[in-house]
Amino acid sequence: MRYSGFRVIKEALLGQKGWRPLWRDPEPQPRYDYVIVGGGGHGLATAYYLAKTFQKSRIAVLEKGWLGSGNIGRNTTIIRSNYLLPGNEPFYEFSMKLWENLEQETNFNSMVSQRGIINLIHTDAQRDAYRRRGNAMLFAGADAQLLSPNELREMVPFLNYDNARFPIKGGLFQRRAGTARHDGVAWGYARGADMRGVDIIQNCEVTGMRIEGGKVLGVETSRGYIAAGKVGVAVAGSSSRVMSMAGMRLPVESHVLQAFVSEGLKPVIPGVITFGAGHFYVSQSDKGGLVFGGDIDGYNSYAQRGNLPVVEDVLEGGMALMPMIGRARLLRSWGGIMDMSMDGSPIIDRTSVDGLYFNGGWCYGGFKATPASGFAFAHLLATDRPHETATAYRLDRFARGYLIDEKGVGAQPNLH
Amino acid sequence: MTRLTGGVIDHETALRFTFNGKTYSGRKGDTLASALLANGVQLVGRSFKYHRPRGVLSAGSEEPNALVTLRGGAREEPNTRATVTELFDGLRARSQNHVGPLHRDFMAVNDLLSPLFASGFYYKTFMWPRAFWEKLYEPLIRHAAGLGRLSGEADPDAYDKGFLHCDLLVIGGGAAGLSAALGAGRAGVKVILADEDFQFGGRLLAETHQLDGMPATSWVTAVMAELAGLENVRVMPRTTVFGTYDHGIYGAVERVSDHLSAADGAVRQTLWRITAKRSILAAGATERHIPFPNNDRPGIMLAGAMRAYANRWAASPTRHPSDPVIIFTNNDDGHRTATDLLAKGVPVSAVVDPRSDAPTFGDYELITGVVDDTKGRLGLTSVRVTQNGQSRWMPCGALGVSGGWNPNVHLSSHHRSKPVWDDALLAFVPGKDLPNGMIVAGAAVGQGTTVKALRSGVEAAVSSLAALGIAAEPIDLPDADDTAAAQTAFWHVSRKGRAWVDFQNDVTVKDIVLAHQENMRPVEHLKRWTTLGMATDQGKTSNISALAVMAELTGKSLPETGTTIFRPPYTGVTLSVLGGGDTGKHFRPTRYTPTHQWSASQGATFVEVGAWLRAQYFVQPGETHWRQSVDREVLAVRSGVGLCDVTTLGKIDVQGPDAAEFLNRIYCNMMGTLAVGRVRYGVMLREDGHAYDDGTCARLSENHFVVTTTTANAAIVYRNMEFARQCLWPELNVSLISTTDAWAQIAVAGPNSRTLLSRVVDGFDLSNEVFPFMACAELTVCGGLRARLFRISFSGELAYEIAVPARYGNALLERLAQVGADLGATPYGTEALGVMRIEKGHAAGSELNGQTTAQMLSLGRMVSEKKDSIGAVMSRREGLAQDKRRLVGFSPIDKSEAIVAGSHLFTQGETRNTTTDQGWITSAAYSPHVGSSIAIGFLEEGDARMGEVVIAANPLEGREVRVEVVSPHFVDPEGGRLRD
Amino acid sequence: MLIPHPLLGLRDAQEFTYLGDASLLNRPDASSPDAAVAFFDYVYLRDNPAGVHRELWFHEQGDRSWLIVTRNTLTHEILNAELACESAVKSEVLA
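Note that the structure is predicted; figures quoted are calculated from it, not measured. (Residues numbered from 1 in each chain as written. Chains lettered and ligands numbered in written order. Predicted model: local features only at pLDDT ≥ 70, side-chain atom pairs only at ≥ 80, totals over all residues.)

## Remarks on the interface of chain A and chain B
- Each side of the interface is counted separately: chain A has 88 residues, and chain B has 97 residues.
- Broken down by secondary-structure element, the contributors of at least two residues to the side of chain A that touches chain B are helix H1 (5–13), helix H3 (89–100), helix H4 (102–106), helix H5 (124–139), helix H7 (182–195), strand S12 (252–264), helix H9 (308–321) and strand S16 (329–341) of chain A.
- Pairing between S16(A) and strand S31 (residues 573–574) of chain B: two bridges, direction antiparallel. By the bridge assignment, Leu330(A) is partnered in S31(B) with Val573(B). (Contact = placed C-beta atoms within 7 Å. Helix = DSSP H or I, 4+ residues; strand = E, 2+ residues; numbered from the N terminus. Pairing = 2+ DSSP bridges.)

## Digging into the environment of Glu560(B)
- Along the chain, Glu560(B) turns up in helix H12 (residues 558–561).
- Sequence separation between Glu560(B) and Trp421(B) is 139 residues; the distance between their C-alpha atoms is 9.6 Å.

## Focus: helix H3 (residues 132–144) of chain B
Residue and element names in this part refer to chain B.
- Helix length check: H3, at 13 residues, gives a terminal C-alpha distance of 17 Å against a target of 18 Å (1.5 Å per residue), a fit within 8%.
- The largest bend along H3 measures about 40° and falls at Glu138, with the proline Pro139 one to four residues further on.
- Three or more residues of H3 are buried, namely Trp133, Tyr137 and Glu138. (Expected span 1.5 Å × (residues − 1). Bend = angle between axes of the 7 residues up to and from the residue. Buried ≥ 20, exposed ≤ 12 C-beta atoms within 10 Å, placed from the backbone.)

## Comments concerning helix H11 (residues 543–554) of chain B
All names here are of chain B.
- The end-to-end C-alpha distance of H11, which contains 12 residues, comes to 16 Å, matching closely the 16 Å that a straight helix rising 1.5 Å per residue would cover.
- Summarising the contacts, the buried residues of H11 are in contact with strand S25 (405–407), strand S27 (427–429), strand S29 (500–502), helix H9 (509–517), helix H10 (523–530) and H12.
- Residue Gly555 follows H11 closely and has a positive phi angle near 75°.

## Focus: the confidence of the model for chain C
- On average, residues of chain C score 94 in pLDDT, and 92% of them are at 70 or above.
- Interface predicted TM-score (ipTM) for the complex: 0.97; the corresponding pTM is 0.97. (pLDDT = per-residue confidence, 0-100.)

## Section: the sheet that holds strand S5 (residues 67–70) of chain B
Residues and elements named next belong to chain B.
- Spatially, the five strands line up as an open sheet ordered S2-S1-S7-S5-S6, and their pairing is mixed. If you trace the sheet from one side to the other, it starts and ends with strand S2 (22–28) and strand S6 (77–81), each paired once. The average undirected angle you get between the axes of adjacent strands in this sheet is 40°.
- Relative to strand S7 (residues 91–95), strand S1 (residues 10–19) runs parallel, the two sharing three bridges. The residue bridging Phe19 from the neighbouring strand is Ala93, located in S7. (Axes fitted to C-alpha atoms, helices over the stretch in contact; angles between N-to-C directions.)

## Let's talk about the sheet that holds strand S20 (residues 365–368) of chain B
All names here are of chain B.
- Strands sit in the order S17-S24-S18-S19-S20 across an open sheet of five strands; the sheet is parallel. What marks the edges here is a single partner per strand, and that holds for strand S17 (300–302) and S20. The mean inter-strand angle of the sheet, taken between neighbouring strand axes irrespective of direction, is 25°.
- Direction of pairing for strand S18 (residues 325–329) relative to strand S19 (residues 348–353): parallel, over a ladder of four bridges. Following the sheet pairing, Ile327 is matched in S19 by Val351.

## Re the interface of chain B and chain C
- Listed as interface residues are 16 residues of chain B and, on the opposing side, 22 residues of chain C.
- Tallied by class, residues from the side of chain B that touches chain C come to seven nonpolar, two polar and seven charged. (Nonpolar A, V, L, I, M, F, W, Y, C, P; charged D, E, K, R; others polar.)

## Things to note about the nonpolar core
- Counting 311 residues, the largest nonpolar core has Val35(A), Val37(A), Val170(B), Ala180(B) and Ile280(B) as its most contacted members.
- The element contributing the most residues to this core is helix H10 (residues 366–383) of chain A, with nine residues.
- Here Ala180(B) is in contact with Val170(B), Ile280(B), Ala282(B), Ala441(B), Gly457(B), Val458(B), Ala460(B) and Ala461(B), once residues within four sequence places are set aside. (Core = buried A, V, L, I, M, F, W, Y, C linked by C-beta atoms within 7 Å.)

## Some thoughts on the packing of H9(B) against H11(B)
All names here are of chain B.
- The N-to-C vectors of H9 and H11 enclose an angle of 45°; their axes lie 10 Å apart at closest approach. In this view, H9 runs oblique relative to H11, as classed from their interaxial angle. Once H9 is placed against H11, the crossing between them reads as right-handed. Contacts between H9 and H11 pair Val509, Ile512, Val513 and His516 from the former with Ala546, Val549, Met550, Leu553 and Thr554 from the latter.
- Looking at the contact of H9 with H11, its residues break down into seven nonpolar, two polar and no charged. (Parallel < 35°, antiparallel > 145°, perpendicular 65-115°, else oblique. Left-handed = near helix turned anticlockwise from the far one by under 90°.)

## Quick notes on unusual backbone geometry
- Between Trp128(B) and the following residue, Pro129(B), the backbone shows a cis peptide bond with an omega angle of -15°.
- Structurally, Pro129(B) is set in the loop between helix H2 (109–112) and H3.
- A positive phi angle is found at Gln16(A), which is not glycine, with a value near 60°.
- Residue classification places Gln16(A) among the buried positions, given that 20 C-beta atoms sit within 10 Å.

So this is what it looks like as structure tokens:
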């Protein structure tokens with residue numbers, strides 16, 4: 001069924017009786033042409049574009065819990081394409097363009113909201129680095145603006161300009177960046193994929209892979225064996241565990257990233273603000289909560305929860321940057337497991353096992369990549385060629401030395 | 001007034017306060033909620049979505065309705081729960097989330113449109129036309145969103161943080177917590193007892209139970225007196241333990257002065273990090289309500305809360321003393337409210353109980369049936385009671401509702417332990433895999449009668465101490481009531497009309513039905529689709545009821561339908577206190593250089609360099625622009641002599657018989673062959689083959705080297721060297737120590753530097769023959785002060801760096817300036833330093849940014865093939881070895897144009913995009929020596945393109961400059977000056 | 001978190017800097033013919049277990065010891081902590 005304002009009004013008058021399930025709960029078939037492991041944002045988007053854009057059928061998405069229960073269900077909802085390196089920026093800009101059409105594409109309001117992102121500048125050297133980045137964004141077809149201190153003050157007057165330990169000297173602004181309603185993104189893709197015949201199978205955990213003669217034949221699951229023509233793995237947070245079923249070790253460590261939301265408040269913060277001199281970034285949701293985060297806890301973890309020092313560190317940054325939020329209260333915190341890759345950039349590639357494809361290593365930046373990641377992974381699964389914006393995301397780049405290291409910190413995942 | 005007698009308040013001390021501008025009087029010991037009720041105020045707020053009029057629901061921190069904005073001005077505090085706000089004289093509060101007065105909120109039109117706003121409606125609309133989302137729909141939604149408002153001003157109050165350690169942390173000071181603390185306290189272990197309330201006793205304060213035939217409050221008073229006398233027990237009222245973290249660490253906030261009208265400079269709140277060997281969670285239980293149509297009117301509250309207001313605060317829940325109260329309960333505990341109210345003289349006209357076998361406990365009418373509708377928009381006036389299919393409206397001033405009690409398992413599930421369903425209790429109780437060291441006691445684990453709570457507290461204390469190897473005697477407990485309240489699984493009243501489940505977020509039973517219909521059935525989908533449990537109470541009053549409704553719809557059992565675990569914080573925590581109070585300039589420590597004082601006296605402007613403050617330039621009289629100062633400083637160095645504090649560069653002493661071999665493995669170039677008394681430039685790689693730091697290495701004696709690092713990497717290089725020493729090559733006999741803070745180091749640079757230094761050294765021969773370029777020595781200066789001297793140059797001039805113990809740095813710089821006045825001795829800052837290093841083409845942070853290789857820096861030949869060193873193998877990978885970008889210099893074709901760092905380089909005539917990008921400008925400056933702007937940067941095959949004109953494009957600022965590719969050495973490319 | 005330092009007792013994890021898998025102790029031999037492959041494995045590939053993990057922590061705000069901490073990545077429970085230099089010497093003796 002098509003969603004529209006008209007339909008909402010009609011159902012309101014008819015007592016909401018006409019709404020249908022957003023998706024089916026199908027029993028798994030014995031065989032699919034494409035099995036996507038992981039019903040998070042990237043897996044659902046992959047299935048959606050496989051069915052819609054690449055016109056493939058007999059597709060299943062296997063999800064061990066409820067769909068959208070991975071990092072798409074716990075993040076700070078930021079979308080942006082403000083990257084520096086040529087391996088990244090065209091990809092994220094492609095993602096941004098997909099975001100801009102997402103709702104019309106999926107007929108589902110994921111509340112993509114382009115309210116802008118500001119990266120604050122605190123030193124002359126940082127301004128040089130951001131100028132390099134802003135120019136790289138423009139050359140890749142994205143938008144960027146360098147804000148003077150006065151322009152910044154006009155846009156976000158509530159920052160601590162006059163008594164700052166690290167003075168605020170301007171900002172790099174991307175107007176088209178913003179936020180999206182994270183669950184809504186998963187639901188929009190899931191509903192769109194389901195309408196196009198994709199079987200989304202919840203509570204179906206992959207427990208093994210059947211590989212013979214270097215080729216993948218299918219996956220063992222908690223709901224029985226499922227044969228597959230091609231298997232695409234998109235299981236952020238569980239990448240090492242799932243790929244180890246195919247005997248692979250990855251250039252990935254799992255780390256916990258905490259995020260936070262305050263109690264609901266009337267709107268005060270227009271877009272996204274990131275504070276480079278501390279570990280703090282913030283936006284305000286449409287419901288009124290301040291959504292913020294900072295650095296990862298820094299140690300390997302699968303526990304989906306973090307510790308107090310990082311909570312304090314984040315709020316030290318928050319209070320230093322915008323002391324006017326001080327009397328609001330923290331409502332909830334949560335922890336997501338990040339696949340921190342060895343150069344801070346993702347992997348979308350075939351593997352040494354024929355028919356087995358991998359998508360992962362998104363660090364804490366996977367949400368904004370959701371549309372392009374799904375599109376590029378679908379492209380790879382359907383054509384066996386990488387999408388033109390994702391050619392750098394190869395698995396062998398570490399062995400061959402073609403790193404995409406935005407931060408320049410080397411093979412230490414917790415620094416990316 | 002509906003103030004009753006008795007209670008745990010001080011009837012003699014009146015406190016004045018205002019609510020929405022109107023002045024009222026309360027009593028010491030009141031909360032804002034109890035004081036409002038005692039003044040007959042039922043309407044206190046509006047709900048989030050439909051702006052429904054709302055009153056106080058609970059008497060605790062789970063309150064979803066009674067949220068107010070407290071105080072005013074910069075101290076304004078939105079979303080404050082009136083139910084836990086301790087009343088003080090002069091308190092000011094106002095209601096939230098309404099347009100116009102509280103009783104006539106214009107936004108209440110939303111309630112009429114509620115059929116449009118069914119759960120999930122916004123996912124289905126607002127998509128056309130596309131541009132309207134940001135321009136129209138979203139601003140409207142955002143405008144309507146949120147509850148309270150921030151003042152927009154900086155929080156003026158002081159906050160603190162601290163650390164506490166104990167053997168046993170007892171969370172909650174009710175019956176279980178008090179008996180646990182007393183048991184452990186008497187055994188002599190270190191105990192912390194914390195409760196969010198300002199009075200200890202928990203439900204004992206709210207009930208009329210007797211202990212040993214005395215009022216329970218007498219027992220509480222006696223226990224508190226005993227605990228106060230025990231030095232090993234720390235009692236912390238107004239302290240919320242909000243989170244369980246790893247290894248026995250708990251986060252807690254103590255509200256130190258929130259209950260005072262003015263803090264008078266005292267700390268407002270303190271964040272405590274409590275490390276406890278063991279803990280007892282005795283957090284009690286939260287009553288749940290029963291959804292039925294129009295169950296959200298002001299005057300409808302939890303039956304246990306109603307009892308607490310009457311018993312503890314002597315406040316009646318009605319607006320007028322003669323208004324009758326009705327109780328709607330599915331359990332015996334609800335009946336207790338009727339008897340307690342009657343005992344206080346509050347009229348109770350009926351108890352409505354769906355159980356056919358419900359007992360009667362007092363002189364009230366028992367109706368076997370349900371309440372299924374209510375009237376009274378701004379305050380309850382009547383309720384409809386249905387019995388055997390017969391309905392009748394009964395006048396009612398306040399309705400108490402009880403649907404049973406949910407144990408407060410929150411802190412036990414912060415480590416993601418799933419609560420388990422208890423069929424007898426009809427509630428979730430703490431599951432297995434509790435946080436290490438935690439025992440749950442009292443009502444929080446379903447041991448809810450007074451006797452059981454007291455006993456389980458003591459038992460938990462004994463077990464906790466046993467785990468620590470301490471035998472404790474169980475203490476004697478008073479006699480008390482042990483009647484378990486019978487109840488039935490009655491979850492909601494299924495009738496036409498909207499029955500609220502989550503009050504604050506306006507989620508009704510219908511919304512859950514719709515979620516079920518649309519296949520949003522997993523509990524997490526249900527919550528996210530409907531926003532159930534997402535409000536400020538985090539589902540404390542709604543989650544279980546919602547699960548029960550969903551279970552009924554799916555035909556599954558409640559535990560099969562799902563459970564919910566909780567995450568920190570238990571209740572909202574002020575952001576300021578989490579920040580710990582170190583705001584403004586105190587956000588991070590500031591490191592001052594040893595010469596800060598003298599530099600300040602010379603007119604220095606300082607700049608943040610990491611944690612350091614360094615002199616950026618020295619403004620002299622008549623200079624109005626920073627460039628004037630910098631140009632003067634540069635020229636002074638190149639023509640006379642300049643002085644610059646370079647203490648911030650990292651310094652690491654490397655000593656031991658294997659020091660030379662160790663450094664060979666650390667630096668990519670050969671360092672072991674360095675002669676004693678000599679200095680060599682070195683580059684360090686990361687193990688992934690990229691260059692990450694550079695600096696000098698001096699050999700002071702056979703087994704003693706001094707390594708210098710960049711300012712930014714001082715800690716990292718030291719850490720990596722310790723890693724190599726301890727983890728990779730523990731067999732090498734070498735010791736390391738960071739001496740960055742021990743030595744003040746001053747660069748003395750310029751043609752007159754030798755002459756100047758000769759005036760301070762104690763008879764040391766500085767001649768080129770004895771102390772040539774790249775020489776080093778230990779010596780004394782100024783008549784016996786020990787020093788280290790290095791003949792190294794960052795500026796390209798004849799130059800030295802001299803190090804003295806840090807406390808002499810300021811005096812040495814002052815002395816050098818004094819004795820060198822006739823030589824033109826000029827202090828210079830980081831700007832002049834930067835200009836001169838660009839003029840010499842030296843790499844700094846912008847070039848050594850962690851993404852570059854030694855080869856790109858034209859230092860590729862330094863990576864020795866003769867030995868292994870960190871990063872050597874990986875630097876030979878194809879992607880690094882074949883990288884053709886090289887560091888070169890750039891000079892503008894039009895000398896009046898300025899090149900700016902961050903510009904990208906393009907071949908002339910080429911279209912400009914990511915794929916045609918040829919490199920970028922890393923550093924740029926105006927060179928007073930060259931007389932124009934100069935720059936260095938990385939360019940594809942740059943070393944082969946000398947003389948080519950390329951474009952430095954900076955569309956970000958709408959500029960581009962044509963530049964010629966030149967050598968990066970703009971000054972003295974042969975290096976004659978520094979060797980003179 | 002609290003780390004049981006073998007010399008100093010329980011110390012707050014905030015005093016430490018984390019590096020990663022203790023396999024970083026086993027730096028390959030640069031002169032072996034398969035050094036390129038061995039170093040790729042050493043620098044980039046990780047077991048990344050969901051469970052018991054041996055890992056390196058540096059007591060940066062303390063005595064500057066490198067520790068090998070054995071910790072469960074699912075529960076954060078710490079099973080053991082030892083000085084890296086002693087372990088490194090031991091493993092060499094065994095080899």
